Amino acid sequence: MIKSLLLALALALSVGVNAAEVPIRGMVSSKCVINTDTTGVYGNPTANVLSTAAVDGGVQPVIRYDVVESGYYKAMITVPNSFTTSPTLTDSVNWTGSVSVSKVTDSAMSAYTNNRRMYNNTTEIDLSIPGSVWFTATSKAQYGANKAFPAGEYKAVVLAECIAL
């Protein structure tokens with residue numbers, strides 16, 4: 001009998017209990033912003049070379065990173081190793097490229113040149129100082145064994161990312 005009373009009492013108390021899940025939302029805006037300051041252009045100094053170097057008639061792309069808070073992000077910049085658009089190519093393309101610091105708002109950022117990590121066609125730099133830093137990318141494509149690039153439009157992409165640490 002006592003068990004029945006306890007069970008009835010427990011049921012009576014549990015009927016009046018309600019629960020709710022209340023969401024909490026928020027938006028995070030990156031404190032690292034990437035801007036394209038200069039769009040790259042391939043020059044064609046010889047039949048088998050496309051290059052962004054000024055001496056080859058090209059224009060090097062320039063990417064600006066604006067960092068509000070230091071120590072939370074790294075720049076990851078990847079130079080091309082393929083075309084996104086091109087005529088049909090029947091031979092291999094030899095790619096070279098690099099990334100360098102071209103301008104800074106704080107002279108201490110010059111350390112980025114020495115503290116960068118390079119692998120494959122990617123450069124990583126810890127953005128340890130607030131301010132703006134400009135990176136210049138180079139890209140050169142050499143076609144086959146002394147073969148001329150076919151006529152047409154060629155496009156490639158430099159991928160610039162700001163990765164939260």
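A brief look at the structure comes next. Counting of residues starts from 1 at the beginning of each chain's written sequence and follows it residue by residue. Only residues with pLDDT of 70 or above have their local features reported here, since the model is predicted, and side-chain atom pairs are shown and tallied only from 80 upward, although totals for entire chains, interfaces and linings are computed over all residues. The side-chain quantities take in all heavy atoms of the structure and omit both hydrogens and water.

## Points about the side chain of Asn48
No. 1: Labels follow the DSSP assignment, with helices taken as runs of H or I lasting at least four residues and strands as runs of E lasting at least two, numbered in each case from the N terminus. Checked against the element boundaries, Asn48 lands in the loop between strand 2 (43–46) and strand 3 (49–51).
No. 2: Accessibility here uses a 1.4 Å probe with only protein chains present; expressed as a share of the type maximum, an area under 20% marks a residue as buried, one over 50% as exposed, and anything in between as partly exposed. By relative accessible area, Asn48 is classed as buried at 11%.
No. 3: Engagement of the side chain of Asn48 in a polar contact is seen with the side chain of Thr46, the distance being 3.0 Å. Each polar contact in these results corresponds to two N or O atoms within 3.5 Å; when the atoms are within protein, one needs to be able to donate a hydrogen and the other to accept it, and residues that are neighboring in sequence are counted only if both atoms are side-chain atoms.

## A look at the sheet that holds strand 7 (residues 117–119)
No. 1: Following DSSP output, two strands are said to pair if at least two bridges run between them. Ordered in space as 7-8-5-10, the 4 strands form an open sheet in which the pairing is antiparallel. Edge strands, defined here as strands with exactly one partner in the open sheet, are strand 7 and strand 10 (159–164). Taken pair by pair, the neighbouring strands of this sheet meet at an average axis angle of 20°, ignoring direction.
No. 2: Bridge analysis of strand 5 (residues 73–78) against strand 8 (residues 122–127) gives 6 bridges, and the strand direction is antiparallel. Its bridge partner being in strand 8, Ile77 is matched across the sheet by Thr123. The convention used is that axes are lines fitted to C-alpha atoms, helices contributing only their stretch in contact, and that angles between N-to-C directions extend from 0 to 180 degrees.

## As for the state of the cysteines
No. 1: The disulfide criterion used throughout: a pair of cysteine sulfur atoms within 2.5 Å. Following the criterion strictly, the structure yields 1 disulfide and no others.
No. 2: Note that Cys32 is cross-linked by a disulfide to Cys162, the S-S spacing being 1.9 Å. Taking the sign of the S-S torsion, about 110° here, the bridge from Cys32 to Cys162 comes out right-handed. In this pair, Cys32 is assigned in strand 1 (residues 32–38) and Cys162 in strand 10, connecting sequence segments 130 residues apart.
No. 3: On the basis of relative accessible area, Cys32 is assigned to the buried category, the value being 6%.

## Structural notes on the environment of Ser30
No. 1: Inspection of the secondary structure puts Ser30 in the loop between helix 1 (2–15) and strand 1.
No. 2: Classification of Ser30 by relative accessible area gives partly exposed; the value is 42%.
No. 3: Remark: the alpha-carbon pair of Ser30 and Cys162, spanning 132 residues in sequence, is separated by 8.8 Å.
No. 4: At 2.9 Å, the side chain of Ser30 and the backbone oxygen of Cys32 are in polar contact.

## Observations concerning the pattern of salt bridges
A side chain with one charge can pair with a side chain of the opposite charge if their charged atoms come near.
No. 1: The term salt bridge refers to a side-chain nitrogen of Lys or Arg lying within 4 Å of a carboxyl oxygen of Asp or Glu. Across all of its chains, the model carries 7 salt bridges by this definition.
No. 2: For Asp66, the salt bridge identified is with Arg64, shortest N-O distance 3.0 Å.
No. 3: On the basis of relative accessibility, which here comes to 18%, the residue Asp66 falls in the buried class.
No. 4: Between Glu124 and Lys74 there is a salt bridge, and its shortest N-O distance comes to 3.4 Å. Residue Glu124 is located in strand 8, and its partner Lys74 is located in strand 5; the two are separated by 50 residues in the primary sequence.
No. 5: Residue Lys74 is classed as buried on the basis of its relative accessible area of 17%.

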